[in-house]
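So you can see what is in the structure, the chains are spelled out below.
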Amino acid sequence: LVLDLSIGQYDMYTPIQLTQYIATIANGGKRVKPHLVKEIRDPANNSEGVGKVFREISPVVLNNVDMQTQLVERVQEGFRQVMQESGGTAAGTFRSAAYRPAGKTGTAESYYDGPIKSRSNELTTNLTLVAYAPYDNPEVAMSVVVPWAYDKGGSPHSMSQEIGKKVLDTYFNLKTNRAAQTNETVGLMEDEA
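Figured I'd write up the structure that's included with this text. (Residues numbered from 1 in each chain as written. Predicted model: local features only at pLDDT ≥ 70, side-chain atom pairs only at ≥ 80, totals over all residues. Heavy atoms only, no water.)

### Regarding the packing of helix H2 (residues 15–26) against helix H3 (residues 69–84)
Moving on, step 1. Where H2 meets H3, the closest approach of the two axes is 9 Å, and the angle between their N-to-C directions is 115 degrees. Here H2 is positioned roughly perpendicular relative to H3, judged by the angle of their axes. The segment H2 lies against H3, with Tyr21, Ile22, Ile25 and Ala26 engaging Val72, Val75, Gln76 and Phe79.
Moving on, step 2. Its residues placed into classes, the contact of H2 with H3 shows seven nonpolar, one polar and no charged. (Axes fitted to C-alpha atoms, helices over the stretch in contact; angles between N-to-C directions. Helix = DSSP H or I, 4+ residues; strand = E, 2+ residues; numbered from the N terminus. Parallel < 35°, antiparallel > 145°, perpendicular 65-115°, else oblique. Contact = heavy atoms within 4.5 Å. Nonpolar A, V, L, I, M, F, W, Y, C, P; charged D, E, K, R; others polar.)

### Regarding unusual backbone geometry
Leaving glycine out, the prevailing phi sign among residues is negative, and the prevailing peptide bond configuration is trans.
Moving on, step 1. Put simply, Ala133 and Pro134 share a cis peptide bond, and its omega is -20 degrees.
Moving on, step 2. For Pro134, the location among the structural elements is in the loop between strand S6 (123–133) and strand S7 (140–151).
Moving on, step 3. The phi dihedral of Arg100 falls on the positive side, at around 50 degrees, and the residue is not glycine.
Moving on, step 4. Mapped onto the elements, Arg100 comes out in the loop between helix H4 (91–94) and strand S5 (102–111).

### A few points about the nonpolar core
Moving on, step 1. Counting residues in hydrophobic clusters, the biggest one holds 17 residues, and the most contacted among them are Met83, Phe94, Tyr99, Leu129, Met142, Leu168 and Phe172.
Moving on, step 2. When contributions to this core are tallied by element, the ones reaching two or more residues are H3, S6, S7 and helix H5 (159–192).
Moving on, step 3. Element by element, the count of residues in this core is highest for S7, at five residues.
Moving on, step 4. Beyond its immediate sequence surroundings of up to four residues, Met83 is in contact with Ala90, Ala91, Phe94, Arg95, Pro101, Ala102, Gly103, Leu129 and Ala131. (Core = buried A, V, L, I, M, F, W, Y, C linked by side-chain atoms within 4.5 Å. Buried < 20%, exposed > 50% of the residue type's maximum accessible area, 1.4 Å probe, protein only.)

### Quick word on a nonpolar patch on the surface
Moving on, step 1. Judged by side-chain polarity, Leu36, Val37, Ile40 and Phe54 come together as a nonpolar surface patch covering roughly 450 Å² of accessible area.
Moving on, step 2. For Val37, the location among the structural elements is in the loop between strand S1 (30–32) and strand S2 (39–41). (Patch = residues over 30% accessible without salt bridge, like charges linked within 9 Å, V, L, I, M, F, W, Y side chains within 5 Å. Areas by Shrake-Rupley, 256 points an atom, 1.4 Å probe, with all protein chains shown as cover. Salt bridge = Lys/Arg side-chain N within 4 Å of Asp/Glu carboxyl O.)

### Brief notes about the packing of aromatic side chains
Moving on, step 1. Applying the stated criterion to the full structure yields four aromatic pairs.
Moving on, step 2. A centroid spacing of 4.6 Å and a plane angle of 50 degrees characterise the contact between Tyr112 and Trp148, whose relative ring orientation is tilted. Here the residue Tyr112 occupies a position in the loop between S5 and S6, and Trp148 occupies one in strand S7, the gap between them amounting to 36 residues.
Moving on, step 3. Residue Tyr112 is classed as buried on the basis of its relative accessible area of 2%.
Moving on, step 4. Given a relative accessible area of 30%, Trp148 falls into the partly exposed group.
Moving on, step 5. When the centroid spacing of 4.8 Å and the interplanar angle of 85 degrees are considered together, the rings of Tyr171 and Phe172 count as edge-to-face.
Moving on, step 6. Since its relative accessible area comes to 31%, Tyr171 is described here as partly exposed.
Moving on, step 7. Accessibility expressed as a relative area gives 11% for Phe172, which makes it buried. (Phe/Tyr/Trp six-rings, centres within 6.5 Å; stacked < 30°, edge-to-face > 60°.)

### Section: the environment of Ala133
Moving on, step 1. Considering the arrangement of structural elements, one finds Ala133 in strand S6.
Moving on, step 2. Taking the C-alpha atoms as reference points, Ala133 and Arg80, 53 residues apart in sequence, are found 9.5 Å from one another.
Moving on, step 3. Residues within four places of Ala133 in sequence aside, it is in contact with Tyr99, Arg100, Pro101, Pro138, Glu139, Val140 and Phe172.

### Re the pattern of salt bridges
It is possible for side chains bearing opposite charge to pair when their charged atoms get close.
Moving on, step 1. Summed over all chains, the structure comprises seven salt bridges.
Moving on, step 2. One salt bridge connects Glu85 with Arg80, and the closest N-O pair in it is separated by 2.8 Å.
Moving on, step 3. When salt bridges with common partners are traced through the structure, they connect Glu77, Arg80 and Glu85 into a single cluster.

Here it is, written out as structure tokens:
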């Protein structure tokens, strides 16, 4: 059992712990306190797209992982290859992504503990994905956990990757759209001046 737990079997980690883990790798070994809010804004006026920043939430570094820089960089490169190079377990889903992600896929044996009581304690597999992007200048990290993805004898699938791709695509599309709207607003303001 100890060996199973040491390689991540039986899902002993929460999604927020997995996200903190991948963010620590992305940050070069700096473990940052998890937070969901970047800033709080005042309500927008009719003429403004968004209100003025009321309060900004700054990241808090909890500690630094005591590891040589070249070792963290080697793990980062491995994570990049997983998602961008031939043979990477998530390359088929992420290789063409313009935002250049890095990450790791996973499958963990587990026991079913869901709503179907007749399946209680049945052996199953959970799929996981942890990722950050862009790999060379990280700005977002995430984790996906798909419980009970397939049963004993079933074949694995890429559901966690498909969900992760939608999450990262949405993040970067929103960022691009917001930048375009800001440039449009600046252009209008310059025309009026």
